[in-house]
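So you can see what is in the structure, the chains are spelled out below.
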Amino acid sequence: VDNSNIIVLKFGGTSVKDLDRINAVTDIIVKKYQRYKKIVVVVSAMSQETNRLIQYGLDLGGDIADREMDALLTTGEQVSMALLTMAIKKRGIKAFSLTGWQIPIQTNGVYSNARITNIDTQKILAQLTEQTIVVIPGFQGVDLDGNLNTLGRGGSDTSAVAISVSLKARVCEIYTDVKGVYTADPRICQDARKIEALTFEEMAELASEGSKVLHVRSVLFAAKNNIELRVLSSFEQNVGTVVSNEEKINQMMEKTLVTGIAHKTDEAKISIIGVADKPGVAHQIFKTLSNQNIYIDIIVQNVGQNGKNDISITIKQNQLKQALAILQKIQCDQLICNDNITTVTVVGFGMKSHSGVATVVFETLAKENINIDTITTSEIKITVLISKKYTELAVRALHKAFKLDQEKGMLL
Ligand code: ADP
Ligand code: ASP
Ligand code: MG
C-alpha cells in the first residue's frame, strides 16, 4: 500500500455526543474521504460517558485501576465506533470498525494508565487498500494476556497519534470543541486567542501543565516521530492550530517570547518538615512513593539546618490520601498538606534565548498582590504555585502582561 496519503482523524467526546453530532462529523469524514480516500478515524466515547461509567464502577466497589474497570470503560469508545461506522455506511461509503483487541493495539498491562507497545497495521492496511474507511476506538488496547487496558484520561489523542505513527500517516487531525490550541484555557480567559502554530516542545509543556486540549503523551509521541498534528474544531470550519517541529514553525510565523499560559487546579502540596539531612533520605521517600505509582510533579528541598531538612512535593489531589499514608511512616517532625493550590505556567520557546520573562511574571503577580508559594522552571517555562482563589486572576493578568490578547504578542 502507498501510505503517503493516509490521513488520521480523531474526534473527541463532545464532537460525537449525540446522533446529530455523529452525523455532523460524518460530513467532515466524507469530505476528507472524497479527497484522500485513505482515511482512518479514531473516536472517543460520547461526552460524559467515561465519567458515567467510572461512577457506576466505583459505586459497585470497583477500583479505578482494576481489570474490570478497564473492561467497563472501553465500552464507551466501542459504542461511538459502531455508531459512527454505521453513519458513514449510510452515506454509501465503505466503512469498517476495528476495536483495540481486533487490530490488535498492544499495551503494557497497566490498568487505567497503559502504554501502547505495538500496533499491528495489517488489518487496517487491508481495509485502506479497498478504500474502506477504518473506524477505531481511542483510549484502549489489549495486553499480552488478552486483558483490556485503557490509556489514561484523555488518552484517545494518544491512540490517534500512535496509529498515525504506525501507518506513517501524513497528518493527524485532532477535532475537538474549540477552534484549536489557545493562548490560555478559553473557559477562564475570555481574551485567549487561537494559536496559529507552535512547536511540539511548547505543546508538550502546555499539555503537561494543564492545557488538556491534547493528552501530553500524544504530543511526546508525535514529537519523537515527527508526525504533524492539527487541532481543529468539529463544529465550524477553520484552519485550527498546527503542532510541528521547530523548523516548520519558524517558517510559518514570527517568534514570540511567550506562547501560552496553562494552569492546573487538581494538584496538592505536601511538605515533609524536619527529615534527617543525610544521604539516602530523599531516595527512601521517592522510592516508596513511586513504588505505589504516585506521580510527583514538583519537588523542592530547602537548605538544611541543624541536621534537618524540609522537602515539599506536589502530587495529584486524588492520590493525596494514598501518599499521606505512605509518608506517615517516614521519620519527620511534621507533615503539612494543602490542596488549596493552583500551578500557573508560562510557556514560550523564546525563553531559551531571552531573559526577563521571570521578572515580568513576578512583577505581574506582585501588582495583583498574589503571593508565590513555589517556583520551578525549565528551559521554556516558568511555573508558580499560588493559592487556588487567585487562579483566574493570575492567568488573566499574565495573559495581558505578555500581550497574548494582541495579534502579534510580544515579539522577539
Ligand atoms: P475532546 O473531548 O475533544 O478530547 P477535551 O475536553 O479533552 O476535548 O479538550 C478540549 C478542551 O480543552 C476545550 O474545551 C478547553 O476548554 C480545554 N482547554 C484547556 N486549555 C486549553 C487551551 N490552551 N487551548 C484550547 N483548549 C483548552
Ligand atoms: N473517553 C476517554 C476520557 O474521557 C478518553 C478520551 O476521551 O480521550 O478520558
Ligand atoms: Mg481530550
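Colleague: Now, about the packing of helix H11 (residues 357-367) against helix H12 (residues 391-401): what can you tell me, with residues and values included?
Modeller: For the pair H11 and H12, interaxial distance at closest approach is 10 Å and the crossing angle is 130 degrees. Relative to H12, the element H11 lies oblique. Considering only the axes of H11 and H12, their crossing is right-handed. Contacts between H11 and H12 involve Val 360, Val 361, Thr 364 and Leu 365 from the first element and Ala 394, Ala 397, Leu 398 and Ala 401 from the second. The residue makeup of the contact of H11 with H12, split by class, is seven nonpolar, one polar and no charged.

Colleague: For the sheet that holds strand S17 (residues 334-338), give the residues involved together with the corresponding values.
Modeller: Read across the open sheet, the four strands follow the order S15-S16-S14-S17; overall the sheet is antiparallel. The open sheet has two edge strands, strand S15 (296-301) and S17, and neither has a second partner. Going from strand to strand, the sheet's axes swing by 15 degrees on average, the running direction of each strand aside. Relative to strand S16 (residues 308-316), S15 is paired through four bridges, and the arrangement is antiparallel. Looking across to S16, one finds that Ile 296 is bridged to Ile 315. Contacts from helix H10 (residues 320-327) reach strand S14 (267-276), S16 and S17 within the one sheet, and its direction differs from that of S14 by about 5 degrees.

Colleague: Help me get a handle on the pattern of salt bridges, residues and values and all.
Modeller: With the rule as written, the count across this model stands at 20 salt bridges. Measuring nitrogen to oxygen at the nearest pair gives 2.9 Å for the salt bridge that ties Glu 228 to Lys 248. Residue Glu 228 is found in the loop between helix H7 (216-225) and strand S11 (229-233), and its partner Lys 248 is found in helix H8 (residues 246-252); the two are separated by 20 residues along the sequence. Taking relative accessible area as the criterion, Lys 248 reaches 30% and is therefore assigned partly exposed. Salt bridges sharing partners connect three or more residues here, namely Glu 205, Glu 209, Lys 264, Asp 266, Glu 267, Asp 297, Lys 316 and Lys 381.

The rules we used
Per chain, residues are indexed from 1 in the order of the written sequence. For naming, the first written chain is A and the first written ligand is 1, with later ones following in the order written. Residues qualify for local features only when their pLDDT is at least 70, as the model is predicted, and side-chain atom pairs are given and counted only at 80 or more; totals for whole chains, interfaces and linings, by contrast, use all residues. Excluding hydrogens and water, the side-chain figures rest on all heavy atoms present in the structure. Angles shown run from 0 to 180 degrees and are taken between the N-to-C directions of axes, each axis being a line fitted to C-alpha atoms and, for helices, limited to the stretch in contact. In this text, helices come from DSSP runs of H or I with a minimum length of four residues, and strands from runs of E with a minimum of two, each type numbered from the N-terminal end. An angle below 35 degrees is treated as roughly parallel, one above 145 as roughly antiparallel, one from 65 to 115 as roughly perpendicular, and anything else as oblique. Here a crossing is called left-handed whenever its near helix is offset anticlockwise from the far helix by less than a right angle, and right-handed whenever the offset is clockwise. Contacts are assigned to residue pairs with any non-hydrogen atoms lying within 4.5 Å of each other. Only Asp, Glu, Lys and Arg are considered charged, only Ala, Val, Leu, Ile, Met, Phe, Trp, Tyr, Cys and Pro nonpolar, and every remaining residue, Gly among them, polar. Two strands qualify as a pair provided that DSSP identifies no fewer than 2 bridges between them. Note on definitions: salt bridges are taken to be side-chain nitrogens of Lys or Arg within 4 Å of carboxyl oxygens of Asp or Glu. Note on classification: 1.4 Å probe, protein chains only; a residue is buried when its accessible area is under 20% of the maximum for its type, exposed when over 50%, partly exposed between these limits.

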